[in-house]
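Notes for the structure review
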Amino acid sequence: ALFMLNLRRTSLGRALAAVREKDYAAEVIGVDTFRFKLLAFWVSSFIGGVVGAVLAVCYLRQISPEQFHIELSIQLVAMV
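Everything numeric here is computed off the predicted structure, so don't read it as measured data.

Bringing the layout of surface pockets into the picture now. Gaps between atoms show up when a probe of the same size as a water molecule is rolled over them. The computed volume of the largest pocket comes to approximately 300 Å³. Around the largest pocket sit 14 residues that line it, and Met4, Gly13, Leu16, Ala17 and Arg20 are the ones nearest its centre. Only helix H1 (2-7), helix H2 (11-21) and helix H4 (33-59) provide two or more residues apiece to the lining of the largest pocket. The dominant element in the lining of the largest pocket, judged by the number of residues it contributes, is H4, at six residues. Considering only residue class, the lining of the largest pocket consists of nine nonpolar, two polar and three charged. The space that makes up the second largest pocket amounts to roughly 150 Å³. Along its surface, the second largest pocket is lined by Gly52, Leu55, Ala56, Tyr59, Leu60, Ile63, Gln67, Phe68 and Leu72. When residues of the lining of the second largest pocket are assigned to their parent elements, the largest contribution, four residues, is made by H4. For the lining of the second largest pocket, the class distribution of residues is seven nonpolar, two polar and no charged.

So, in structure tokens, the structure goes:
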């Protein structure tokens, strides 16, 4: 959470906010929208992976293939 709060104050955070609001306007002022959209996707995927790993380790204590049967997999895909 502190990382995300501090990210807003940097030039990277301002560029991401500009792309979020109006990507064509950000392109006009010189922000490479493709690069920053790709970076936003990477950062969100990284944070989601870390949160999933922390949840698996702290909540489930151990991970085994038997815990993830086909019904649970379908539920998770449907939630996403």
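There is more to say after this.
All right, on to the confidence of the model for the protein then. Here the protein shows a mean pLDDT of 85. Residues at 70 or above account for 100%. Here H1 stands out as the element of the protein with the lowest mean pLDDT, 83, in contrast to H2, whose mean of 88 is the highest.

The next point concerns the environment of His69. Relative to the helices and strands, His69 is located in the loop between H4 and helix H5 (70-79). Separated by 33 residues in the primary sequence, His69 and Phe36 have C-alpha atoms spaced 37 Å apart.

So, on to the packing of aromatic side chains. If you walk through the whole model with that rule in mind, you get one aromatic pair. On the numbers, 5.6 Å between centres and 10° between planes, the contact of Trp42 with Phe46 is stacked. Taken together, the residues Trp42 and Phe46, both in helix H4 and four residues apart, mark about one turn of the helix. In this structure Trp42 comes out as exposed when scored by relative accessible area, which is 52%. The residue whose ring lies beneath Arg35 is Phe36, and the NZ or CZ to ring-centre distance is 5.0 Å.

Criteria and thresholds
- Residues numbered from 1 in each chain as written.
- Predicted model: local features only at pLDDT ≥ 70, side-chain atom pairs only at ≥ 80, totals over all residues.
- Heavy atoms only, no water.
- 1 Å grid on protein atoms, 1.4 Å probe; cavity = no way out; pocket = protein on both sides within 12 Å on 5 of 7 lines; lining within 4 Å.
- Points joined across faces, edges and corners; volume = space filled by probe spheres on them.
- Helix = DSSP H or I, 4+ residues; strand = E, 2+ residues; numbered from the N terminus.
- Nonpolar A, V, L, I, M, F, W, Y, C, P; charged D, E, K, R; others polar.
- pLDDT = per-residue confidence, 0-100.
- Phe/Tyr/Trp six-rings, centres within 6.5 Å; stacked < 30°, edge-to-face > 60°.
- Buried < 20%, exposed > 50% of the residue type's maximum accessible area, 1.4 Å probe, protein only.
- Lys NZ or Arg CZ within 6 Å of the ring centre and 35° of its normal.

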